Amino acid sequence: MKIIKTANKITSKLLNKKKIGFIPTMGCLHDGHVSLIRKSKKKKLLTVVSIFVNPFQFNNKKDFNKYPKTISADLKICKKNKVDYVYLPSKKDIYPEKKIIIKNKIHFFKKYMEGKFRPGHFEGVIEVIKRLLSRIETNYLFLGKKDYQQLIIIKKYIESINSKVKVVPCDTIRATNGIALSSRNKLLDQKSLNIAGNIINFLKKNKKQIIKSNNKLFFLKKMKEFGANKIDYLSAFNIKKLKKTNKPSVNARVFLAYYLDGVRLIDNF
Ligand code: AMP
């Protein structure tokens, strides 16, 4: 496994090799990330993992500052899973210019869910993906359904620039109590992890009813009773039509974001 810190090296070294599978991450790796790595290795791709906490996708500075960092454990996980290259850029590597202006057009979800509650978030996500893809000659880009809205937005961005990069959506990996694995779970104590488990299991059991209900008040109340501190949204979307829905179907997904102990959790199913 090679660790690379500057963009120049990564492009020249990786050129003319076999096809590249790229897994962008913000580190604090867990089995969710590992499932993406395994998928790339299974396809026999030269597998590149980047670890970079992108400041421009955080609309809240506190959230950025407390984002968990576990770099030596991350490197061990990458090594164990036979990652070929770990790209560990500095902020200067990714954003070398003095004044950074981010202007990306977000076609979907701008007014909804993450787009509504985290202004500037997806613009920052597109910016970092744009810059990472310009440094790593990616053939396959592995993205988790855990961040389904991000997955759709990146896919649309890649289509919009006629890029040949193929997006590979990967299923959400969950803990035994049902919650989606997430780096932010590290910030929760056992009590909060249990509450998160109760919330997601209750919501998953009632998926159809949530989709059909117009105001979702009953379910929001239940989430609060379980212990959710603040709920940003509980919404149903048709992911093919990219529209809100109240009709259960294979393309209807429930999306949620809420706070526990000051930690913001998102999920979808
Ligand atoms: P992050 O480090 O949170 O930016 O995530 C990096 C990639 O891993 C993204 O494509 C995520 O959607 C994906 N990912 C994060 N958590 C999970 C999970 N529990 N299951 C599957 N993929 C995940």
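No experiment lies behind these values; they were computed from the predicted model shown.

(A) Local environment of the environment of V83. Note that V83 resides in the loop between α4 (71-80) and β4 (85-87). Residue classification places V83 among the buried positions, given a relative accessible area of 2%. Sequence spacing of V83 and I100 is 17 residues, and the spatial spacing of their C-alpha atoms is 31 Å. Residue contacts for V83: discarding those within four places in its chain leaves M1, I37, T47, V49 and C78.

(B) Looking closely at the side chain of T138. Its location among the elements puts T138 in the loop between α7 (121-135) and β5 (140-144). Once you skip the residues sitting within four places of it in the chain, T138 turns out to touch I20, F22, L133 and V165.

(C) Here's a closer look at the site of the ligand. Taken together, 16 residues surround the ligand, and among them M26, H33, D147, I173 and L181 come closest. One of the side-chain nitrogen or oxygen atoms of D147 is found 2.6 Å away from an oxygen atom of the ligand. One nitrogen or oxygen atom from the main chain of I173 is found 2.9 Å from a nitrogen atom belonging to the ligand. Burial of the ligand by the protein amounts to 93% of the accessible area it has alone, namely 490 Å². Looking at the shell around the ligand, the element that brings in the most residues is helix α2 (residues 31-42), giving 3 residues. Among the residues forming the shell around the ligand, the class breakdown is 7 nonpolar, 6 polar and 3 charged.

(D) Geometry of unusual backbone geometry. Notably, N162 is not glycine yet its phi reads approximately 55 degrees, a positive angle. Here N162 lies in the loop between α8 (148-160) and β6 (166-170).

(E) Representation of the sheet that holds β4 within the structure. Taken in spatial order, the 6 strands make up an open sheet running β1-β4-β3-β2-β5-β6, and their pairing is parallel. On the outer flanks of this sheet lie β1 (2-4) and β6, each paired with one strand and no other. Pairwise comparison of adjacent strand axes, ignoring direction, gives a mean angle of 25 degrees for this sheet. Bridge analysis of strand β2 (residues 20-25) against strand β3 (residues 46-51) gives 6 bridges, and the strand direction is parallel.

(F) Region of interest: the nonpolar core. Judged by nonpolar contacts, the single largest core of 39 residues is most densely connected at L141, I154 and I158. When residues of this core are traced back to their parent elements, those giving at least two are β2, β3, β4, α7, β5, α8, β7 (230-238) and β9 (252-260). Setting aside residues up to four positions removed in sequence, I154 forms contacts with V125, I126, I129, L141 and L143. Grouped together as the second largest cluster of nonpolar side chains are 25 residues, L193, A196, F202 and A228 included.

(G) Focus on the environment of K186. With respect to the element layout, K186 can be found in the loop between β6 and α9 (190-205). Judged by its relative accessible area of 54%, K186 falls in the exposed class. Between the C-alpha atoms of K186 and C28, which are 158 residues apart in sequence, the distance is 8.7 Å.

(H) Spatial organisation of the pattern of salt bridges. Overall, the coordinates contain 15 salt bridges when judged by the stated rule. In this structure, K230 and D232 form a salt bridge, with 3.5 Å as the shortest nitrogen-oxygen distance. For D232, a relative accessible area of 10% puts it in the buried group. What you see here is one network of salt bridges that share partners, running through D63, E114, R118, R184, K230, D232 and R264.

Cut-offs and rules
- Residues numbered from 1 in each chain as written.
- Predicted model: local features only at pLDDT ≥ 70, side-chain atom pairs only at ≥ 80, totals over all residues.
- Heavy atoms only, no water.
- Helix = DSSP H or I, 4+ residues; strand = E, 2+ residues; numbered from the N terminus.
- Buried < 20%, exposed > 50% of the residue type's maximum accessible area, 1.4 Å probe, protein only.
- Contact = heavy atoms within 4.5 Å.
- Near = heavy atom within 4 Å.
- Polar contact = N/O pair within 3.5 Å; in protein donor to acceptor, adjacent residues only side chain to side chain.
- Areas by Shrake-Rupley, 256 points an atom, 1.4 Å probe, with all protein chains shown as cover.
- Nonpolar A, V, L, I, M, F, W, Y, C, P; charged D, E, K, R; others polar.
- Pairing = 2+ DSSP bridges.
- Axes fitted to C-alpha atoms, helices over the stretch in contact; angles between N-to-C directions.
- Core = buried A, V, L, I, M, F, W, Y, C linked by side-chain atoms within 4.5 Å.
- Salt bridge = Lys/Arg side-chain N within 4 Å of Asp/Glu carboxyl O.

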